[in-house]
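Below are the chains, spelled out letter by letter.
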Amino acid sequence: MIDLKLLRENPELIRMTLQKRGAQLDLDEIIKLDKNRRACITELQELKKQRNALSEEIGKLKRRANKPEELMEQARTLAEGVKTKENDCRQIEERFAELVQWLPNIPNDSVPVGSGAESNRFVRGLKAPPKPGFEVLPHWEICEALDMLDLKRAPKISGSRFILYKGMGALLERALINFFLDLHTTKHGYTEVFPPVLNPTHCLYGTGQLPKLESDMYRCHDDEFYLSPTAEVPLTNLHREEILPGKMLPIKYVAYTPCFRREAGSYGKEVRGITRVHQFNKVELVKYTAPEHGYAEFERLLEDAEAAVKALELPYRIMLLCTGDMTFASAITYDIEVYSPGMDEWLEVSSISCYEQYQARRANIRYRKSVKGVDFVYTMNGSGLATPRTFIAIVENFQTEDGRIKIPAVLKKYMGVDSIGK
RNA sequence: GGAGAGGUGGCCGAGCGGUCGAAGGCACCCGCUUGCUAAGCGGUUUCUCGUCGAAAGACGGGACGGGAGUUCGAAUCUCCCCCUCUCCGCCA
């Protein structure tokens, strides 16, 4: 949710935002509704004020054993008017709320304007991919050969685009999750959370997946739940409707969860292997901060995620996403991409976003300032990291010419071996 | 899933259909007083929306788990939903 004051005081900023993001919304309609709803509220309040005064008068008279029939008749008429006006207000309010929830966040000034990947800006890391000295097998080939993935049988139990890890593959996956959790809890000071991933509708509105990404999520048939597409949803909604003591900030959570995405409309793309799947594992970082420390904390969040790819010794780069590539609720997003020599592609393993107060307004997450007053917190999150593509990067980048996979140093204690394969 | 009990301010806890935003206590903060491991006295202390205002703020509407209803008027009555606790049943 954007600050509604902007709607009244600086509508041009919002108009520009919509244009930058390529969003089509009737802003004038929204502004008009806002005006109408406030006028309606004022009228309603005036009626209520009159009614309250009359009711009080009636109360006084009755206690003196009077029967103020005339006043009561007046009050009845007034009450009717209140009811009618309430209905009017509700209708305008509903229409307004419906439209306003479609207003995307305002991008930070440093975000490049553009519509697709070509407008994203290189920040740091490898400019060009490394050249291995031999032909690296794509992950699906090496993993089938080493019996780490069963790509043929996974569809039997779930369908296409589901991963079945097996043997050393399952162990590697588990090692990655544990390594990430340990890294962020012990080195970066995050508190581990293990949340439910079936989340109710209002939580998805809170973080901004709804209404826009409805068709990208799995919804339960008989209950009002969605399968969470990311731990951002439970972790950010953890403090919804709260006023946090200022000294509690910043709050830093890390969680491992499975993530579920329908990937509707992406068929035909990335069909081979495990690059794009319906269920995957991810370790997610979420922070709540005071606005004045928001961007400093955000840079540290990026570094925390970056530390994970560094520790795994993977070739990577960091990109600053352009307006067209960012999600709806984000003010700024960095992607960390690792290189896949088997596919000759950069793969996104982490998306680090700052929402400023956008999510906090939607989910009503505030904090008490040290001096006086309350304000919305900043929320931000980043993957630290998502496993399937990290898995790909390891089995491809750590592949040897004789068809083995070496284990990155930091994972050895989790794996108990130095390499996979004979 | 069935039966019962309950959900009130930062916390505990009262509350008759009408001066209840809500007694009392605790906590907090601010005064005053007295002086000794601290007490006493007085006062303050929520959030939200609207109007006006540059702002400080002023005025008003609203909030007692959530929503609907009855009523001139609801924390208080009715209905639905959610959550917590106890017991029973069922079950990874």
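All chains use their own residue numbering, which begins from 1 and follows the written sequence. Working convention: letters from A go to chains and numbers from 1 go to ligands, in the order in which they are written. It should be noted that, the model being predicted, local features are given only for residues of pLDDT at least 70 and side-chain atom pairs only at 80 or more, the latter also being counted only at that level, while totals for whole chains, interfaces and linings use all residues. Excluded from the side-chain calculations are hydrogens and water; all other atoms, namely the structure's heavy atoms, are used.

The condition is simple: UniProt positions are given in the numbering used here, feature names are shortened, and annotations may be inferred rather than shown by experiment.
Taking an unreviewed UniProt entry as the reference, chain A is identified by name as Serine--tRNA ligase belonging to candidate division WOR_3 bacterium SM23_42. The record in UniProt for chain A states the following under Function (unreviewed entry): "Catalyzes the attachment of serine to tRNA(Ser). Is also able to aminoacylate tRNA(Sec) with serine, to form the misacylated tRNA L-seryl-tRNA(Sec), which will be further converted into selenocysteinyl-tRNA(Sec)." According to the UniProt record, the Pathway (unreviewed entry) comment for chain A reads "Aminoacyl-tRNA biosynthesis; selenocysteinyl-tRNA(Sec) biosynthesis; L-seryl-tRNA(Sec) from L-serine and tRNA(Sec): step 1/1."

### Observations regarding the side chain of Asn199
Under the convention used in this document: Under the DSSP-based scheme used, a helix requires at least four consecutive residues in state H or I and a strand at least two consecutive residues in state E, with every element numbered from the N terminus. The contact criterion used throughout is that any non-hydrogen atoms of two residues lie within 4.5 Å.
Structurally, Asn199 is set in strand E3 (residues 198-200). Among all residues touching Asn199, those that are not within four sequence positions of it are Leu204, Glu224, Phe225, Tyr226, Ser228, Val233 and Pro234.

### Quick word on the sheet that holds strand E5 (residues 225-227)
Rules: For two strands to count as paired, DSSP must find a minimum of two bridges between them.
If you walk across this open sheet you meet the three strands as E3-E5-E4, and the pairing is antiparallel. Of all the strands in the sheet, the pair left with one neighbour each is E3 and strand E4 (218-219). Alignment of E4 against E5, held across two bridges, turns out to be antiparallel. Pairing of Tyr218 across the sheet is with Leu227, part of E5.

### What about the state of the cysteines?
What counts here: Cysteine sulfur atoms that pair up within 2.5 Å are treated as a disulfide. We call a residue buried when its accessible area falls under 20% of the maximum for its residue type, exposed when it is over 50%, and partly exposed in between, using a 1.4 Å probe and counting protein chains only.
Enumeration over the complete set of coordinates arrives at one disulfide. Free of any disulfide, Cys203 has its nearest neighbouring cysteine sulfur in Cys220, separated by 13 Å. For Cys203, a relative accessible area of 8% corresponds to the buried category. A disulfide-free cysteine, Cys322 has its sulfur positioned 18 Å from the sulfur of Cys354, the nearest such atom. Under the relative-accessibility criterion, Cys322 is labelled buried at 0%.

### Regarding the sheet that holds strand E13 (residues 374-376)
Threshold: To get an axis, fit a line to the C-alpha atoms, keeping to the stretch in contact for a helix; angles then go from 0 to 180 degrees between the N-to-C directions.
With mixed pairing, three strands are arranged side by side in an open sheet as E6-E12-E13. Each end of this open sheet is capped by a strand with a single partner; those strands are strand E6 (242-245) and E13. Averaged over all pairs of adjacent strands, the angle between strand axes in this sheet comes to 35°, irrespective of strand direction. Where E6 lies against strand E12 (residues 365-368), four bridges are found, and the strand directions are parallel. Residue pairing for E12: Leu244 is matched across the bridge by Tyr367.

### Some thoughts on the pattern of salt bridges
Inclusion rule: Criterion for a salt bridge: a side-chain nitrogen of Lys or Arg within 4 Å of a carboxyl oxygen of Asp or Glu.
A full pass over the atoms with the stated rule returns 22 salt bridges. With its nearest N and O atoms 3.5 Å apart, the salt bridge here joins Lys48 to Glu86. One end of the pair, Lys48, is in helix H3 (residues 27-63); the other, Glu86, is in helix H4 (residues 69-100), with 38 residues separating them in the sequence. Judged by relative accessible area, which is 29%, Lys48 ranks as partly exposed.

### Considering the protein's contact with RNA strand B
Inclusion rule: Whether a residue is near a molecule or strand is decided by its heavy atoms; if any one of them lies within 4 Å of it, the residue is near. Two N or O atoms count as a polar contact when they lie within 3.5 Å, although within protein this holds only if one can serve as hydrogen donor and the other as acceptor, and sequence-adjacent residues are included solely when both atoms are side-chain atoms.
Neighbouring residues of RNA strand B: 25 residues in total, closest Thr42, Ser55, Arg76, Arg366 and Arg368. In the interface set of RNA strand B, defined as its atoms within 4 Å of the protein, sugar plus phosphate atoms amount to 72%. The side chain of Asn52 places a nitrogen or oxygen atom 3.2 Å from a phosphate oxygen of RNA strand B. Between RNA strand B and Lys83, the relevant distance is 3.3 Å, taken from a phosphate oxygen to a side-chain nitrogen or oxygen of the residue.

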